[in-house]
Amino acid sequence: MGQWLNWVRYLLVVWSLACSMGAMAAERVLRVGVYNNPPKIFFEDGGNATGVFIALLKDIAQVEGWELRFQSCEWEECLRRLEQGELDIMPDVARTSEREARFDFHAVAALSSWSQLYRRPGTKIESVVDLRGKRVAVLASGVQRDSLRALLEGMGVQAEFVATPTVAAAFSMVQQGQADVAASSYHFGDYSAPAYGLVGSPVLFNPAKLYFAAGKDRQADVLAAIDARLQQWQADAGSPYYEVLREWSGVHAESPIPEWVVHSFIAAAGGALALVLVSMWLRRRVREAVAQVQAQRDEMEATLRAVPDLLFEMDGEGRYLQVHANQPDLLVAQREALLGKRVADVMPPEQSALVLHCIQEAIAQGHSTGQRISLGLPDGVHWFELSAARKAPASGRKATAMVLSRDVTERVQDQAEIARLADFDHLTSLPNRAQLRRLFDKAAARAHRHGQAMAVVFLDIDHFKNINDSLGHALGDKMLMEVARRLQQSLRDTDIACRMGGDEFVMVLDDIDGDGAVRMAQRLQHALHAPFDLGPFQSGVTASIGIAMFPDDATDLDTLLRNADTAMYQAKQEGRNGVRFFTQAMQVRSERLLELSSALDKAVERGELTVMYQPLARLDSGRVAGAEALLRWTHPILGMVSPVEFIPVAESAGQILVIGEWVLRQACQQARNWDFAGRNWVMAVNVSFIQFRQTDFVLMVERVLHETGLPGHCLELELTESVAMGDTRKAEHTMRQLRAMDVRVAIDDFGTGYSSMSYLRRLGFHKLKIDQSFVRHIGEDVADESIITATIQLARSLGMQTLAEGVETETQRRFLRAQGCDLMQGWLLSKAIPPSEWEPWLHAPGSAVVSTD
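Each value, and the rule that gives it
Residues numbered from 1 in each chain as written. Predicted model: local features only at pLDDT ≥ 70, side-chain atom pairs only at ≥ 80, totals over all residues. Heavy atoms only, no water. Helix = DSSP H or I, 4+ residues; strand = E, 2+ residues; numbered from the N terminus. Buried < 20%, exposed > 50% of the residue type's maximum accessible area, 1.4 Å probe, protein only. Areas by Shrake-Rupley, 256 points an atom, 1.4 Å probe, with all protein chains shown as cover. Pairing = 2+ DSSP bridges. Axes fitted to C-alpha atoms, helices over the stretch in contact; angles between N-to-C directions. Contact = heavy atoms within 4.5 Å. Core = buried A, V, L, I, M, F, W, Y, C linked by side-chain atoms within 4.5 Å. Disulfide = S-S within 2.5 Å. Right-handed = clockwise from strand over helix to strand, strands pointing away. Phe/Tyr/Trp six-rings, centres within 6.5 Å; stacked < 30°, edge-to-face > 60°. Lys NZ or Arg CZ within 6 Å of the ring centre and 35° of its normal. Expected span 1.5 Å × (residues − 1). Arc of directions from axis to C-beta. Patch = residues over 30% accessible without salt bridge, like charges linked within 9 Å, V, L, I, M, F, W, Y side chains within 5 Å. Salt bridge = Lys/Arg side-chain N within 4 Å of Asp/Glu carboxyl O. Lys, Arg positive; Asp, Glu negative; His and termini not counted. Charge placed at Lys NZ, Arg CZ, Asp CG, Glu CD. pLDDT = per-residue confidence, 0-100.

(A) Here's a closer look at the overall build of the protein chain. Counting its regular elements, the protein chain contains 32 helices and 32 strands. Every one of the 853 residues in the protein chain was classed for burial, and the buried ones make up 44%. For the protein chain, the accessible area works out to roughly 42200 Å², and carbon and sulfur atoms hold 52% of it.

(B) Spatial organisation of the sheet that holds strand E17 (residues 454–461). Spatially, E18-E19-E17-E22-E23 is the arrangement adopted by the 5 strands of the open sheet, whose pairing is mixed. Edge positions in the sheet fall to strand E18 (496–501) and strand E23 (579–581), since each of these pairs with one other strand and no more. The sheet shows a mean angle of 20° between the axes of neighbouring strands, taken without regard to direction. Pairing geometry for E18 and strand E19 (residues 504–509), over 5 bridges, is antiparallel. In the sheet register, Ala497 faces E19, and the bridge partner there is Met507. Contacts from helix H20 (residues 557–573) reach E17, E18, E19, strand E22 (543–550) and E23 within the one sheet, and its direction differs from that of E22 by about 145°.

(C) Spotlight on the pairing of strand E27 (residues 682–686). With 4 of its 5 residues buried, E27 lies for the most part within the structure. Sheet topology places strand E25 (residues 624–635) next to E27; 4 bridges connect them, and they run parallel. The residue bridging Ala627 from the neighbouring strand is Met683, located in E27. Looking at chain direction, E27 and strand E28 (residues 715–719) are connected through 4 bridges and run parallel. Note that in E28 the partner of Asn686 across the bridge is Glu718.

(D) Representation of the nonpolar core. By size, the foremost hydrophobic cluster in this structure holds 111 residues, and its most contacted members are Leu459, Phe505, Met507, Ile547, Val701 and Leu715. Top contributing element to this core by residue count: helix H23 (residues 656–673), with 7 residues. In this structure Leu459 touches Leu487, Asp503, Glu504, Phe505, Met507, Leu524, Leu528, Ala543, Ser544 and Ile545, once residues within four positions along its chain are discounted.

(E) Local environment of the state of the cysteines. A complete count under the given rule lists 1 disulfide for this structure. Residue pairing for Cys73: its cysteine sulfur links by disulfide to Cys78, the two sulfurs lying 1.8 Å apart. Residues Cys73 and Cys78 are joined by a disulfide whose S-S torsion is about 95°; by sign, that bridge is right-handed.

(F) Representation of the sheet that holds strand E12 (residues 310–314) within the structure. Spatial strand order, E13-E12-E16-E15-E14: 5 strands in an open sheet with antiparallel pairing. At either end of the open sheet lies a strand with only one pairing partner, and these are strand E13 (320–324) and strand E14 (367–377). The average angle at which neighbouring strand axes cross in this sheet is 25°, direction not considered. In the sheet, E12 pairs with strand E16 (residues 400–407) via 5 bridges, with the strands oriented antiparallel. If you follow Leu310 over to E16, its bridge partner there is Ser405.

(G) Representation of the pairing of strand E31 (residues 801–804). Judged from the 4 bridges that link them, strand E30 (residues 767–770) and E31 form a sheet pairing that is parallel. Bridging across to E31, Leu768 finds its partner in Thr802. Of the strand pairs in this sheet, E31 and strand E32 (residues 823–824) are connected by 2 bridges, and their pairing is parallel. Its bridge partner lying in E32, Leu803 is registered against Leu823. Assessed by its sense of winding, the connection that carries the chain from E31 through helix H31 (residues 810–818) to E32 is right-handed.

(H) Region of interest: the packing of aromatic side chains. A complete count under the given rule lists 20 aromatic pairs for this structure. Judged by centre distance (5.5 Å) and plane angle (75°), the ring pair of Tyr613 and Trp674 falls under edge-to-face. Of this pair, Tyr613 sits in strand E24 (residues 609–618) while Trp674 sits in the loop between H23 and helix H24 (676–679); the two residues are 61 residues apart in sequence, bridging distant segments of the chain. Each member of the pair Tyr613 and Trp674 is classed as buried. One aromatic cluster is present, built from ring pairs that chain together Tyr613, Trp674, Phe676, Trp681, Trp838 and Trp841. Positioned over the ring face of Trp681 is Arg679, at 5.2 Å from the centre of the ring.

(I) Summary view of helix H26 (residues 697–708). Over its 12 residues, H26 extends 17 Å from the first C-alpha to the last, a length consistent with the 16 Å expected when each residue adds 1.5 Å. Regarding H26, the residues found buried are Phe697, Val698, Met700, Val701, Val704, Leu705 and Thr708. Here the buried residues of H26 occupy an arc of 160° about the axis, which is enough to place them on one side. Exposed residues on H26 whose side chains face more than 90 degrees from its buried face are Leu699 and His706. Summarising the contacts, the buried residues of H26 are in contact with H23, helix H25 (689–692), E28 and helix H27 (728–740). A positive phi of about 75° marks Gly709, the residue just after H26.

(J) Representation of a negative patch on the surface within the structure. Among the surface-exposed residues, Asp329, Asp379, Asp407, Glu410 and Asp414 lie close enough to one another that they form a single negatively charged patch. You can see Asp329 is positioned in the loop between E13 and helix H12 (335–338).

(K) Up close: the pattern of salt bridges. In this structure the tally under the stated criterion is 40 salt bridges. As a salt-bridge pair, Asp92 and Lys40 come within 3.0 Å of each other at their nearest N and O atoms. Residue Asp92 is found in strand E5 (residues 90–94), and its partner Lys40 is found in the loop between strand E1 (28–34) and strand E2 (42–43); the two are separated by 52 residues along the sequence. Residue classification places Asp92 among the buried positions, given a relative accessible area of 4%. When the shortest N-O distance is used, the salt bridge between Glu98 and Arg102 registers 3.0 Å.

(L) Molecular detail of the side chain of Gln522. Tracing the sequence through the fold places Gln522 in helix H19 (residues 514–529). Classification of Gln522 as buried rests on a relative accessible area of 2%. Discounting chain neighbours no more than four positions away, the residues touching Gln522 are Leu593, Leu594, Ser597, Val649 and Ser652.

(M) Geometry of the confidence of the model for the protein chain. When pLDDT is averaged along the protein chain, the result is 85; 86% of the residues meet or exceed 70. Mean pLDDT values for the elements of the protein chain range from 38 in helix H1 (residues 2–25) up to 97 in E27. A low-confidence stretch, residues 1–26 (pLDDT under 50), is modelled with 14 contacts involving residues beyond four sequence positions or located in other chains. Ignoring residues within four places in sequence, the model shows residues 250–279, a span with pLDDT below 50, making 15 contacts including any to other chains.

Have a look at this one:
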């Protein structure tokens with residue numbers, strides 16, 4: 001009996017030692033934060049941590065040899081303790097930019113999830129729109145709150161958010177009628193909703209991936225081990241990963257420890273000791289196997305690091321499965337952001353379609369080469385050449401493709417430079433004669449298809465040989481480069497400029513008539529008149545210009561060039577610095593426009609320009625509301641010249657800048673003299689789009705207001721719809737500056753030009769003027785009346801006033817008043833009159849000057 005007792009004591013000692021060895025074998029003790037979010041993570045009534053994440057972490061810990069110590073905390077407390085190092089690992093955390101700044105995450109998602117709204121059975125929540133005015137209970141700092149708020153704001157739906165410390169508290173509030181719906185992950189909701197008497201709604205949002213999180217720079221090896229297990233187990237349907245998912249979806253796996261082993265262990269300590277020793281031996285073998293795998297992985301990583309190109313594994317739908325990049329700055333997005341995404345999610349449609357074609361071709365045929373894509377990266381556009389090969393699939397899985405992406409930007413740029421040298425002039429970088437022919441053919445085909453005219457302009461610099469001979473070829477080349485730059489700046493985006501050789505340049509003007517061609521020629525001449533910096537000499541140059549029209553003069557380039565060249569030589573013979581058309585009829589018109597342009601140069605200083613003022617009146621009260629300043633020109637020889645004729649000439653030659661500022665100053669001074677501020681009137685002044693686009697336009701307006709003493713709210717600038725055809729961002733900035741000065745801006749001749757609802761809203765006009773071409777047919781044309789009615793309704797919806805131009809009859813006035821138009825001007829009220837005839841209007845500010853019936 002004593003011998004038997006000694007033997008038992010011996011076994012107990014050995015058992016104790018074995019347990020100690022087992023405890024010593026644990027390589028890491030991890031403190032795990034557990035908050036209440038069943039079925040993913042929670043404590044059972046008995047105090048045991050459980051849930052999907054807990055079961056998964058226990059399986060990983062068993063393989064890695066970790067000891068897990070679970071600590072209960074609320075969600076916010078768990079995150080705080082994790083950040084401060086009081087916890088080592090936190091399950092069930094979705095990644096956000098804010099959390100990535102505070103915590104580290106592994107790469108492979110542990111679970112996929114989405115959020116859902118839960119309600120009482122009697123509450124109707126069928127869509128996001130039904131949340132208007134509802135109380136939404138949501139976790140105070142969960143991702144559901146920010147995601148749902150952004151979703152509602154994007155759809156213009158307002159709801160009341162009620163913050164709760166836990167998801168369970170949110171469900172309780174809905175149960176007790178303190179909230180209408182609760183937001184949670186579908187895991188918690190489907191698991192817990194029945195206990196609260198709640199049901200799920202059709203509103204799903206915020207698809208998310210869930211991870212284990214660790215404190216910043218604290219548990220990198222633990223996260224790497226989790227990544228390795230998840231990547232390995234998710235590829236195997238019989239792995240512990242899927243066992244856990246099946247267990248928590250209602251399919252319980254068999255007990256991993258046979259019952260007879262448990263009884264044998266209780267019966268015999270020796271059997272238990274054997275099991276512990278075997279476990280330790282298996283653990284050591286696992287570590288050795290892991291080390292071997294890690295060594296192979298390191299070798300593979302070393303091989304991949306030697307590859308300079310981007311390497312991806314992608315499935316047939318273009319989804320990123322693996323990403324390898326020795327130059328991560330060449331990736332279209334960060335590696336972590338690419339994993340799991342499809343190429344269509346991160347690339348423009350055209351590029352993503354090419355990549356997808358390459359992948360699918362490789363999967364179907366074994367390989368694919370030759371596809372080339374361009375991507376805009378932070379440092380500019382890069383070109384990539386794609387090569388792909390089919391990767392043999394594992395059993396039961398679909399084939400994927402290994403895609404090699406090589407940066408060939410430098411090669412593409414070199415090829416483009418070679419092509420440029422073949423098609424462009426080496427000195428000025430303008431298209432050469434060969435490139436001009438190709439560009440002309442495309443433009444001519446387009447003009448013929450749309451029934452449009454074009455102009456071929458032949459320009460030759462006057463006396464250029466003298467410049468070369470006197471200043472030398474170096475300065476001559478410098479001047480030619482500057483000439484080319486000025487010509488390009490003067491042309492429209494759709495026009496073509498080419499250097500034919502020497503000092504000869506050819507322009508092809510798209511969609512233009514004879515008058516437009518003359519104005520463009522004048523613009524080119526004015527651009528060359530400005531002094532050139534030629535070392536010790538500062539001088540402008542003149543140019544002789546010949547114009548031939550397509551299709552009237554010819555339809556082929558050679559004939560048009562010959563005709564334009566003939567006209568250019570005619571201009572030289574007539575004294576140079578002139579513009580000549582190939583046809584006699586256009587020559588007559590050309591002379592008229594040149595005559596007007598020349599006369600306008602001195603019109604201001606000679607006192608030939610005057611400003612007339614046409615009264616504006618309110619339709620509801622019939623009272624005067626202000627005036628519009630209208631420019632008139634009387635030439636001693638040409639007589640009265642219509643603004644319709646001379647304003648385009650002034651705009652083309654740049655004279656509108658001087659004339660426009662003069663008109664603005666005259667109008668503001670007159671408004672100041674007539675006390676528009678005290679009468680609460682406004683002075684309307686037309687502004688050319690040429691003026692509006694000047695960089696100093698706002699400063700000019702501010703200067704005129706300051707010098708004349710007129711308050712900003714008494715000035716209204718009238719712009720045509722052409723302002724929307726240029727740089728809209730610059731236009732928006734200019735409009736904001738004008739509004740900051742209280743200057744009002746109206747859109748003139750609405751409906752006759754660009755007419756974009758988008759720019760009306762973005763530019764923020766104060767008033768919309770209905771063009772007289774519509775007003776003229778009131779009472780005669782139902783279509784025009786419908787347009788006017790729609791225009792007034794549109795303006796009202798955008799918070800804008802409306803003013804009708806050209807009102808001449810009582811029928812027109814009554815119709816406009818009935819439709820809710822605010823203001824009118826026209827001969828029914830008064831024509832434009834000089835300041836000397838304005839006395840009656842100034843003495844009737846409180847009386848109706850037009851009928852109000």
